[in-house]
Amino acid sequence: MRGLRKSAAGLICLFALATAGCSVGSSDGSGDSGTADSAPSADPSTGTPSASATGYAPYVSATTASDLDFAGSPATYNLAFVISSGSGCTPEWNGSSAVDDAAVASRISDLTAAGATVRVSFGGASGKELAATCDSAEGLAQAYGEALDAAGGATLADFDIEGDELTDSASVALRSEAIALLQEERSGLKVSFTLPVMPSGLDDDGVALLQSANDHAVRVSTVNLMTMNYGESYSGDMGDYALTSAEAAHTQLKEVFGLSDANAWRGMALTSMIGVNDVDGETFTLDDAAEVRAFAEEKEIAWVSMWSTFRDQPCDDDADSDDAATDCSGVDQEAGAFGEALAG
């Protein structure tokens, strides 16, 4: 998303955030072991019983507040984005604000005051993801850890990998090694990967990234699919495309991680770009949001999300709805309506 925008060592399965653990002798670090078929029984953010297994976790700006952040009462916020400060291994919010910036810390306190948690999202479509600029896995792990600590000791980390970083095998391997080191240090750290998807599923680079994580014994909690911006030839119903993409990726997750049908769904998340997308002819409507939410609940998908809370409002009358705006959806809606629809 744009910035504001079976390894030899043993099978490491993908497990939903609330499961007890992994399979074949693996553990989530909590002292409990489980199987690949263990089912989540609690809300992934709070660990308490939940009427729905599917959470709502929108992407928000880490540096700028919006009145729309609270629409739908999110259980988790995806804080966008930590990237490299430039050519070195220093993490910054959007490449411009220190990770320990007091204003960001205050913002996180506001977001979590009602009991929500935060997930630090590294990467995105703009700037350089830290794996592209850090020289060693140890240094990279330290940089990731600094950002998590600055975000109140966050135990949820998202890696939004796209563009050049997704096709760079060296940075993919370095990142996998660093995340594995980080999880050795932080046994409770839950990791998600946010990846572009097509109605045909993840591309070869996305699958290779997940295989790399698996080979390095990374415990992956969730694969979050960016169900958006497919291309000019995809001018049909965006809700249907999201479901088709999920179905295709579901088969791939089963194959990569050796999961059952149910756990492949439970280890998936879906993120849509609400309203007008960056590709001409692609518009994600409120009806599409309701369709995605119903599908996610049926399949017990881990969580659904949107890009982004800033856009969850109608544009001014003079706004050009043919182009995706950073601060409005480009469709007829009430402010916060997408958040309410995706929260269910």
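Predicted model only: the values in this text are computed from it and were never measured.

Visitor: Just to check I follow, could you spell out the state of the cysteines for this structure?
Guide: Here, the word disulfide means a covalent bond between the sulfur atoms of two cysteines. For the structure on display, the rule yields 2 disulfides. Covalently, Cys 89 is tied to Cys 134 through a disulfide, its sulfur atoms 1.9 Å apart. In this structure, the disulfide formed by Cys 89 and Cys 134 twists by about 95 degrees around the S-S bond and is classed as right-handed. Placement of Cys 89 in the loop between strand E3 (76-84) and strand E4 (91-93) and of Cys 134 in the loop between strand E6 (117-123) and helix H2 (137-150) is noted, with a sequence separation of 45 residues between them. Among the residues examined, Cys 134 registers a relative accessible area of 7% and is labelled buried. Disulfide pairing is shown between Cys 315 and Cys 328; the S-S distance is 2.0 Å. Looking down the S-S bond of the Cys 315 and Cys 328 bridge, the torsion is 90 degrees, so its handedness is right-handed. Here Cys 315, found in the loop between strand E13 (303-307) and helix H9 (337-343), pairs with Cys 328, found in the loop between E13 and H9; they are 13 residues apart in sequence, far enough to count as distant. Here Cys 328 falls in the buried class, since its relative accessible area comes to 6%.

Visitor: Just checking my understanding: could you explain the nonpolar core for this structure?
Guide: Most often, soluble globular proteins have nonpolar side chains that are buried together. Ranked by internal contacts, the top residues of the largest apolar core, which has 79 residues, are Phe 122, Tyr 144, Phe 193 and Leu 210. Considering every element that reaches this core, the biggest residue donor is helix H6 (residues 238-257), with 9 residues. Among all residues touching Leu 210, those that are not within four sequence positions of it are Phe 193, Leu 195, Leu 202, Val 223, Leu 253, Val 256 and Phe 257. By size, the runner-up hydrophobic cluster in this structure holds 9 residues, among which are Met 1, Ala 80, Met 228 and Met 273.

Visitor: What is the right way to look at the pattern of salt bridges in this model?
Guide: If the charged atoms of two oppositely charged side chains come close together, the side chains can form a pair. Evaluated as defined, the whole model comprises 6 salt bridges. With a closest N to O distance of 3.1 Å, Glu 129 and Arg 175 form a salt bridge. Of the two residues, Glu 129 sits in the loop between E6 and H2 while Arg 175 sits in helix H4 (residues 169-185), which places them 46 residues apart along the sequence. There is no split in this pair, since Glu 129 and Arg 175 are both buried. Put simply, Lys 254 and Asp 261 hold a salt bridge, and the shortest N to O gap is 2.4 Å. Given the relative accessible area of 43%, Asp 261 is considered partly exposed.

Visitor: Can you help me understand the environment of Ala 217 in this one?
Guide: Residue position: Ala 217 is located in the loop between helix H5 (204-215) and strand E9 (220-227). For Ala 217, a relative accessible area of 33% translates into the label partly exposed. In this structure the C-alpha to C-alpha distance between Ala 217 and Ser 176, which are 41 residues apart in sequence, comes to 8.4 Å.

The rules behind these values
Residues numbered from 1 in each chain as written. Predicted model: local features only at pLDDT ≥ 70, side-chain atom pairs only at ≥ 80, totals over all residues. Heavy atoms only, no water. Disulfide = S-S within 2.5 Å. Helix = DSSP H or I, 4+ residues; strand = E, 2+ residues; numbered from the N terminus. Buried < 20%, exposed > 50% of the residue type's maximum accessible area, 1.4 Å probe, protein only. Core = buried A, V, L, I, M, F, W, Y, C linked by side-chain atoms within 4.5 Å. Contact = heavy atoms within 4.5 Å. Salt bridge = Lys/Arg side-chain N within 4 Å of Asp/Glu carboxyl O.

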